[in-house]
Amino acid sequence: MTETYHIVARGGHPDFLDLPWREPLAEWDHDRMAKMAHGNSRHVVRFVRYDDRVYAIKETEEHLARGEYLMLKELREEHLPVVEPVGYVTGADGPAHLITRYLDFSLPYRYLFGREETGLTDKLLDAAVVLLVRLHLDRVFWGDCSLSNILFRRDAGAMMAYLVDAETTERPSTLGEGMRQHDLTIAKENIVGGLLDLQEDGRVPPDFDPFDAVDELSARYDRLWDELTRTEQLDTHERWRMEQRIRHINELGFDVEELSIASSGDELLIKPVLIEEGHHARELRQRTGLEVQENQARRLLADIESYRAWLERSTGRQTPAAVAAARWLADIYEPLVESIPKDLLARREAPEIFHHLMEHRYLLSERAGREVSNEAALASYLETELVNQPLERQLQVED
């Protein structure tokens, strides 16, 4: 009797019926197979291509495939930085498979440590800390945070981290201090192991201390967690400090959705209750419709404000924020992006290119002693900088 299998796939994606599900994943030899860079995994993971989209397939057990698919779907719907779940496949007798969408422009840590990156370790630690804090704020116990289970994307000179593997992830009704600290301990142990492996491979200097690095990760986590969640005591006539606290949290890239305020005589106790990361990304989305990462959004918002100031100087009239954003999008951002050759857009995301273009224009202007136009700066940037960058949209393993 022919072995049967069952595919659950979300709309907008292939049906995957042409893949050899009855064969062990490690033995697949199919025209759709793609060799993509990825972290280490205890499971067999292979990649398949459908036109310009790539999908990761992980071989696992049925209950794990279904559970991880549902968890990733839940986290994704809450706008947490995780890979996109696409479906899962179960068979009558064989293993099950989880299908996720390959995250374009994502970079595994081994690739990054194989290149010359200024301040790379600090960038990756900061990104991992923000990811872990963000998950914990949303009651997510990861249970397996490691460098291999994180994908990094460039974010206006910084990095943003995405969760890849949610097999051990839980969402208890309350994430207590014990579970939170246990998750942090797991992260430290896994990350120091990954750094030691890098050191053994010669990808980090011999004098680099992985244990110092994870101690710094823990310290940064504690500082950010305290900044976002601590209870603050103030006098009733110091309510301006409440606004100051919220603004500082916004500067860190988080929004305060709910605030607990307790009054006792002449004192107030304030504590953020519901916090969500992505303050600048949401603001940019509301003003322009652009979907970008947090630091990229911060950079684009700053450019919109500069453009708004230029409009007001040029016209002698105040320009509403919404008008400035619409004109910036139509007159500055979209024309520049549209003029970038498509083959170069495979090297960096458009918002990342724009960020580096602004940096490049500033340096050219400083060198020339005058303002260099966007068009001239773009031509120079494409010819001298972007063309020399590697293709990173879908990072393949070299044969």
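Above this text you will find the structure in question.
None of the values given here were measured: they were computed from a predicted structure.

(A) View of the overall build of the protein. Secondary structure summary: the protein contains 12 helices and 11 strands in total. Its C-alpha atoms give the protein a radius of gyration of 24 Å, near enough to 21 Å, the size a compact globule of 399 residues would have. The principal-axis extents of the C-alpha atoms in the protein amount to approximately 80 × 60 × 50 Å. For the protein, buried positions account for 49% of its 399 residues.

(B) Structural view of the layout of surface pockets. Empty space within the largest pocket amounts to approximately 860 Å³. Listed by contribution, the elements that provide at least two residues to the lining of the largest pocket are β8 (158-163), β11 (267-277), α7 (279-288), α8 (294-315) and α11 (350-368). It is α7 that contributes the most residues to the lining of the largest pocket, three residues altogether. For the lining of the largest pocket, a count of residues per class yields 14 nonpolar, four polar and 15 charged.

(C) Quick look at the sheet that holds strand β4 (residues 53-60). Strand order across the open sheet formed by six strands is β1-β5-β6-β4-β3-β2, with antiparallel pairing between neighbours. The outermost strands of the open sheet, each flanked by one partner alone, are β1 (5-9) and β2 (33-34). Of the pairings in the sheet, the one linking β4 to strand β6 (residues 96-101) comprises six bridges and is antiparallel in character. The residue bridging Ala56 from the neighbouring strand is Thr100, located in β6. Each of β4, β5 (84-91) and β6 is contacted by helix α1 (residues 62-77), which is oriented at about 165° to β5, the strand it contacts most.

(D) Quick look at the environment of Glu312. Considering the arrangement of structural elements, one finds Glu312 in helix α8. If near-sequence neighbours (up to four positions away) are discounted, Glu312 is found in contact with Arg317, Gln318 and Thr319.

(E) A look at the nonpolar core. Core analysis: the largest hydrophobic core is formed by 66 residues, its most contacted members being Leu112, Phe113, Trp142, Ile150, Phe152 and Leu195. If you tally residues by element for this core, the top one is helix α3 (residues 120-137), at 10 residues. In this structure, Ile150 is in contact with Ala128, Leu131, Trp142, Cys145, Ala161, Tyr162 and Val164, ignoring residues within four places of it in sequence. Grouped together as the second largest cluster of nonpolar side chains are 32 residues, Tyr307, Tyr333, Leu378 and Leu382 included.

(F) Examining the side chain of Thr319 more closely. Take Thr319: it is sitting in the loop between α8 and α9 (321-338). Beyond its immediate sequence surroundings of up to four residues, Thr319 is in contact with Arg308, Leu311, Glu312 and Ala324.

(G) Examining the environment of Val164 more closely. Looking at where Val164 falls in the secondary structure, it is placed in the loop between β8 and α4 (177-200). With 36 residues separating them in the primary sequence, Val164 and Ala128 have C-alpha atoms 12 Å apart. Sequence-distant contacts of Val164, defined by excluding residues within four places in its chain, comprise Glu68, Val83, Asn149, Ile150 and Leu151.

(H) Local environment of the sheet that holds β11. Reading across the sheet, the three strands line up as β9-β11-β10 and stay open at both edges, with antiparallel pairing between neighbours. Only two strands of the sheet have a single neighbouring strand rather than two, namely β9 (232-235) and β10 (254-264). For this sheet, the mean angle separating the axes of adjacent strands, direction not counted, is 30°. By the bridge criterion, 10 bridges tie β10 to β11 in an arrangement that is antiparallel. Bridge pairing links Asp255 to Glu276 in β11. Packing against the sheet, helix α5 (residues 210-229) makes contact with β10 and β11, and its axis sits at approximately 120° to β11.

Basis of the calculations
Residues numbered from 1 in each chain as written. Predicted model: local features only at pLDDT ≥ 70, side-chain atom pairs only at ≥ 80, totals over all residues. Heavy atoms only, no water. Helix = DSSP H or I, 4+ residues; strand = E, 2+ residues; numbered from the N terminus. Rg over C-alpha atoms; globule rule 2.2 N^0.38 Å. Buried < 20%, exposed > 50% of the residue type's maximum accessible area, 1.4 Å probe, protein only. 1 Å grid on protein atoms, 1.4 Å probe; cavity = no way out; pocket = protein on both sides within 12 Å on 5 of 7 lines; lining within 4 Å. Points joined across faces, edges and corners; volume = space filled by probe spheres on them. Nonpolar A, V, L, I, M, F, W, Y, C, P; charged D, E, K, R; others polar. Pairing = 2+ DSSP bridges. Contact = heavy atoms within 4.5 Å. Axes fitted to C-alpha atoms, helices over the stretch in contact; angles between N-to-C directions. Core = buried A, V, L, I, M, F, W, Y, C linked by side-chain atoms within 4.5 Å.

These figures capture arrangement, not role.
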